[in-house]
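Below, each chain spelled out in residue letters.
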Amino acid sequence: MMPIERMRPEDFDAVFRLLSRSFPAGERRDKAGQRALLADSAYQIDILRAPSGGVQALMASWDFGGFVFFEHFAVAPACRNGGIGGQMLDALLARFDKPACLEAELPETELAARRIGFYERHGFTVNADYPYFQPTLTPGGSPIPLHLLTTGGARTPAELRAIETLVHTRVYGKTPAATGK
């Protein structure tokens, strides 16, 4: 069993450093915004602690009752390609024991395509026919075109719209833009 545990307050700086190294500014909050999320009962960050006590990996998630939304998943660069990311993802999917959803970059680069392949190997399906944009997290930024990936197979457009509405409202604090879907 992997030593996955809920992030403790004293882990916040290490977690934020890993988030900052793993995600561009437009795909994550600033430090104060990230810290403020910890007050939301639906939000949690699980970590894989290194034997030295540091943070090897993290998964930030939102438990919405009917499904869990994985917002950020990062493995420390020195720990990548060793299998711990897949083990951690599988362990968290088993722990939540409910449908899961996440966003992934469009497969326009080799790395993005490999990332999607990773999620597919762990039970996610790319809902490629559903146009989806992550709202910007930085002032003046542009929405980011992404794919919604779900466990339990592809979802209907109505199911994806419901997921999008909840994620945009609760996770991003935005009203989903009318896109004609």
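Above this note sits the structure.
Described below are features of the structure shown in this document. (Residues numbered from 1 in each chain as written. Predicted model: local features only at pLDDT ≥ 70, side-chain atom pairs only at ≥ 80, totals over all residues. Heavy atoms only, no water.)

Attention now moves to the layout of surface pockets. Taken as a whole, the largest pocket spans an internal volume of roughly 1000 Å³. Along the walls of the largest pocket sit 31 residues, with Phe73, Leu111, Arg115, Phe118 and Tyr119 positioned nearest its centre. Classifying every residue of the lining of the largest pocket by side-chain character gives 14 nonpolar, 9 polar and 8 charged. A volume near 150 Å³ is recorded for the second largest pocket. Taken together, Arg6, Met7, Arg8, Pro9, Phe12, Arg35, Leu38, Tyr43, Gln44 and Ile45 make up the lining of the second largest pocket. Counted by class, the lining of the second largest pocket contains 6 nonpolar, 1 polar and 3 charged residues. (1 Å grid on protein atoms, 1.4 Å probe; cavity = no way out; pocket = protein on both sides within 12 Å on 5 of 7 lines; lining within 4 Å. Points joined across faces, edges and corners; volume = space filled by probe spheres on them. Nonpolar A, V, L, I, M, F, W, Y, C, P; charged D, E, K, R; others polar.)

It is worth spelling out helix H5 (residues 157-171) at this point. Helix length check: H5 (15 residues) gives 20 Å between terminal C-alpha atoms against 21 Å at 1.5 Å per residue, within 8%. Taken residue by residue, H5 has Leu160, Ile163, Glu164, Val167, His168 and Val171 as its buried positions. The arc that holds every buried residue of H5, seen down its axis, measures 125°, which confines them to one face. Here the buried face of H5 lies against strand E3 (55-63), strand E4 (68-75), strand E5 (100-105), strand E7 (132-134) and strand E8 (144-151). Gly173 sits one or two positions beyond H5 and adopts a positive phi of about 65°. (Helix = DSSP H or I, 4+ residues; strand = E, 2+ residues; numbered from the N terminus. Expected span 1.5 Å × (residues − 1). Buried < 20%, exposed > 50% of the residue type's maximum accessible area, 1.4 Å probe, protein only. Arc of directions from axis to C-beta. Contact = heavy atoms within 4.5 Å.)

Locating Leu48 in the fold gives a position in strand E2 (residues 43-49). Between the C-alpha atoms of Leu48 and Arg6, which are 42 residues apart in sequence, the distance is 8.9 Å. Ignoring any residue separated from it by four or fewer positions in sequence, one finds Leu48 in contact with Met2, Pro3, Ile4, Gly54, Val55, Gln56, Ala57, Ile84 and Met88.

Among the nonpolar cores identified, the biggest contains 33 residues, and Val15, Ile45, Leu58, Trp62, Phe69 and Val167 are the most heavily contacted of them. Only helix H1 (12-22), E2, E3, E4, E8 and H5 provide two or more residues apiece to this core. The leading source of residues in this core is H1, at 5 residues. Excluding residues that lie within four positions of it along the chain, Val167 makes contacts with Phe67, Phe69, Glu103, Tyr132 and Tyr172. Core analysis: the second largest hydrophobic core is formed by 23 residues, Ile4, Phe70, Ala100 and Leu102 among them. (Core = buried A, V, L, I, M, F, W, Y, C linked by side-chain atoms within 4.5 Å.)

Attention shifts here to the packing of aromatic side chains. Taken as a whole and assessed by the stated rule, the structure comprises 8 aromatic pairs. Aromatic side chains Tyr43 and Trp62 sit 4.9 Å apart centroid to centroid with 55° between the ring planes, which places their arrangement in the tilted category. One end of the pair, Tyr43, is in strand E2; the other, Trp62, is in strand E3, with 19 residues separating them in the sequence. Per residue, the accessibility class of Tyr43 equals that of Trp62, and both read buried. Each member of the aromatic cluster is reached from another via a ring pair, and the members are Tyr43, Trp62, Phe64 and Phe67. (Phe/Tyr/Trp six-rings, centres within 6.5 Å; stacked < 30°, edge-to-face > 60°.)

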